[in-house]
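Structural characterization, general
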Amino acid sequence: MNEKTSTLQSQFHKREFVALLWLALSLVAFIYTALCVYDRNLSSNIFDLLPQQENSTELKQIHSALQDSLARTVIFAVKDNKDFTLSLDDFLKSSPVVESVSSSVTEQEKADFLSFFIKHRLAFLSAPDKKFYLTASADQISQRILSELFSAFAAPSLKELTDDPFLLTRAAAKNNPSSKLTPQEGFLTSVDSQNVPWAVLNVRLKSSLSEKEISRWISSINELIKEKQRLNPNLEVCFLGSIFHQEEAKNTAKTDVQTLSIVSVLLLSALFLFVFRTLKPILLCLLSVGIGTIFGLAATFTFFESVHAITLVMCISLIGISTDYTTHYLLARQNASAKESPLSIKKKLKKPLLQALITTVLAYGLMVISPFSSLRQLGVFAVFGLIGSFLTVWLWFPLFSIKPAANSKTSEATNSFFLFCSSSNSIKAFVGIVFIFLLALGLPKLSVDDDLIRLYQSSQFLSESENKIKELTGANFSQKGIVVTAPSEDALIQQIEKAALVINESKLSRRQFIYPALLSLESQLQVRDRLEKLFPEVAQKLQDTGVELSQFPLPDTLDAKGWLNSHLGQVWKPFLLSLKNEQAFYIPIETSKERLQTICSKLSSCFPITQREDIQTWLGTQRMVLSWFICFLVFGFMALFWYFFGWKKSIIQTGIIVLSGAAALATLGLTGMPFNLFSVFALILILGIGADYQIFSANRERVNRSTYLAISVSAATTLISLGVLVLSKTEAIKNFGLIVCVGIATSYLMVLLSAQHRLNGKNNE
């Protein structure tokens, strides 16, 4: 007897040591997580979610540089309010995060701009003009000049003809159509369709700004606008820039996390209070969830530089799933006899709990192969978080001499409800009819959409702001076009010139593309040299018509550096990209991917920018591959069930999981949401979590009066934590939450309807 007591004490001390070791690891993980939360940024950049599937290093650099350049470009538009425009202009120019502001034009600046344009008129000729002056005869050039002289509209004066005999300034002006922005009351102004003036302020942010700096800057602007709107409620301000979408996405995610977490915790607490009738289980539940969250975040910060805001919202689903282990242990402890010790209960739960952990971790772990960083982060968070929650229950709970003083009638009522539903043919028939109608109505309406816009949809205000600014400026801010590269800035201008020629030959509408009308230094010298040689002959022909020209004032040439430092060049800076070893320029073109590829095939060092279409196509391929993978996964679960429970049960349990997925897809069709890659990973999750219920209900030795109550509470906690995701304002999260929620509800319902033979079998024993 003493030897047996000594052995038990030795085992207890060993378990106590392991529990203390787990406590030490938890404290280390907590400290590490706290330091990471303080030091790391919460990412809200939508570009961080996009998969990087290109193999070309140069193309990766181009996409990165383009995204960075667009992120630094911000435009404000103020509706007919000079006072606020002045305030906003002063604020922007004094801001430490702003590199430059283009908003106002003085009379001197207008004069300098005109003088610069006339002085370097040769540089702004179009490609057709260049071809004409290099190939036309003196007679053809003379006829062109005479047609301008005898035009009924705006014929050139004698002074203009003397200063510019070939009328190059006029030709350049035609090649550079007038902007929608005109100086008015000291600011660049445009009018909308209602003929209302809007002041437009173009802002270029500094590079390498942190998200905290950008957030503070946007907050300051919003405070300035709200302060002025209190004095003038009619004040209207529009903005355009990717940073506003990032800030909105981050704020939306923070709101979702706060709101959905509170709702989830309150509902789960109410559920536990109803089931256990005491606060102790709630505290134990929060303990296991808290430890799991700490280990999940610690692992995520270890494998990723930053956590995305969308990841935090989706991680709310782990609150309910990680409580399953607490639920099963406490309910088994609650319904245990006086002779059963906590360790004996732990031993009895070992097999089903480990099986459930393996299936759930496997389902979440498969998300690590996702192309979306948010899903990869969720997979890592879930795997380590669930393992952390499980080990907390496994190592600590048996040491707590807690037997919840709950009313055992709850378990008896649950079993009676399960027996009633599973033995009622009417209920089974009704459920069957409902499922048939659901599948028949929903599946035909299911649509597939891999468009990236489904990741995040802008608010109505931001969408309307962008449309208004595009209307006012006529600018093209799409990420579709071509990028030309060159080793130097002057060589880059040559590339732009060649690209312009190819684009013009493609017969695109002028509204479909935008690029600077600029000749390279080499072309300028060629045109100037030829005109200088032809001038005597042209002057003679004009003299025969009575027009006297004595000399040809040589126009100045313009190199790349001079153009970029000018007012004209400043406008194009957002399109100028700096790569590692060369310069690049982005030309937006709204046309098909095939036509962009055709344009690039005619140019050297030219890359089509069709990232959205490429990723959409690639995501569609990934969706198809993973859909087939799910089919193989279903057979894998069937083999697992066969190993655990035999072939008959494996077929039934696998069929239930497949039906759960079909019901989820049918619901997706009825709600009008598309089936995409997020939906595929949600289906994988249904397989893992749905398998848990099958495992617990199929273990005949575990079917006692608490088993179905434990399954019910586990299903309720999962549905609560995943159901709140449907309330999210982010489309992808809502899609993910809806599918998993419906799938898990269906799995639970199938367990409910198939419980009769297990309960009867147990009762007969």
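Attention here is on the structure that accompanies the text. The structure displayed is predicted, hence computed values, not measured ones. (Residues numbered from 1 in each chain as written. Predicted model: local features only at pLDDT ≥ 70, side-chain atom pairs only at ≥ 80, totals over all residues. Heavy atoms only, no water.)

1. Details of the nonpolar core
Among the nonpolar cores identified, the biggest contains 101 residues, and Met367, Leu685 and Phe736 are the most heavily contacted of them. Setting aside chain neighbours within four positions, we find Leu685 in contact with Ala363, Tyr364, Met367, Gly690, Phe736 and Val740. (Core = buried A, V, L, I, M, F, W, Y, C linked by side-chain atoms within 4.5 Å. Buried < 20%, exposed > 50% of the residue type's maximum accessible area, 1.4 Å probe, protein only. Contact = heavy atoms within 4.5 Å.)

2. Here's the deal with the packing of aromatic side chains
Counted under the stated rule, the structure contains 19 aromatic pairs. Seen in terms of ring centroids, Phe535 and Phe552 are 5.8 Å apart; in terms of plane orientation they differ by 25 degrees. Their pairing is stacked. Note that Phe535 is positioned in helix H21 (residues 521-543) and Phe552 in the loop between H21 and helix H22 (560-565), a separation of 17 residues in sequence. Like Phe552, Phe535 is buried. Clustering of aromatic rings is evident, with ring pairs tying together Phe76, Trp217, Phe239, Phe244 and Phe461. One residue, Arg144, lies across the ring of Phe132, its end atom 4.7 Å from the ring centre. (Phe/Tyr/Trp six-rings, centres within 6.5 Å; stacked < 30°, edge-to-face > 60°. Helix = DSSP H or I, 4+ residues; strand = E, 2+ residues; numbered from the N terminus. Lys NZ or Arg CZ within 6 Å of the ring centre and 35° of its normal.)

3. Considerations on the pattern of salt bridges
A complete count under the given rule lists 11 salt bridges for this structure. Residue Glu236 is joined to Lys79 by a salt bridge in which the shortest nitrogen-to-oxygen separation is 3.3 Å. One end of the pair, Glu236, is in the loop between helix H9 (211-231) and strand S7 (237-240); the other, Lys79, is in strand S2 (residues 73-79), and 157 residues separate them in sequence. Residue classification places Lys79 among the partly exposed residues on the basis of a relative accessible area of 29%. Between Lys93 and Asp89 there is a salt bridge; the shortest N-O distance is 3.2 Å. (Salt bridge = Lys/Arg side-chain N within 4 Å of Asp/Glu carboxyl O.)

4. Description of the pairing of strand S9 (residues 481-486)
Most of S9 is tucked away: six of the six residues are buried. The sheet contact formed by S9 and strand S12 (residues 606-609) spans four bridges and is antiparallel. The residue bridging Gly481 from the neighbouring strand is Ile609, located in S12. (Pairing = 2+ DSSP bridges.)

5. Topic: the packing of helix H11 (residues 280-303) against helix H14 (residues 323-334)
Between H11 and H14, the least distance of the axes is 9 Å, while the angle of their chain directions is 145 degrees. At the point where H11 passes H14, the crossing takes the right-handed sense. Note on element contacts: H14 touches H11 through Thr323, Thr326 and Leu330, opposite Pro281, Leu284, Cys285, Ser288 and Val289. In terms of residue class, the contact of H11 with H14 is built from five nonpolar, three polar and no charged. (Axes fitted to C-alpha atoms, helices over the stretch in contact; angles between N-to-C directions. Left-handed = near helix turned anticlockwise from the far one by under 90°. Nonpolar A, V, L, I, M, F, W, Y, C, P; charged D, E, K, R; others polar.)

6. Re the sheet that holds strand S11 (residues 583-588)
Spatially, the four strands line up as an open sheet ordered S10-S11-S9-S12, and their pairing is antiparallel. Of all the strands in the sheet, just strand S10 (576-578) and S12 have a single pairing partner and so form its edges. Adjacent strand axes in the sheet meet at a mean angle of 25 degrees, parallel and antiparallel pairs treated alike. The sheet contact formed by S9 and S11 spans six bridges and is antiparallel. If you follow Val484 over to S11, its bridge partner there is Phe585. Against the sheet, helix H20 (residues 489-505) makes contact with S9, S10 and S11, and its axis sits at roughly 145 degrees relative to S9, the strand it touches most.

These figures capture arrangement, not role.
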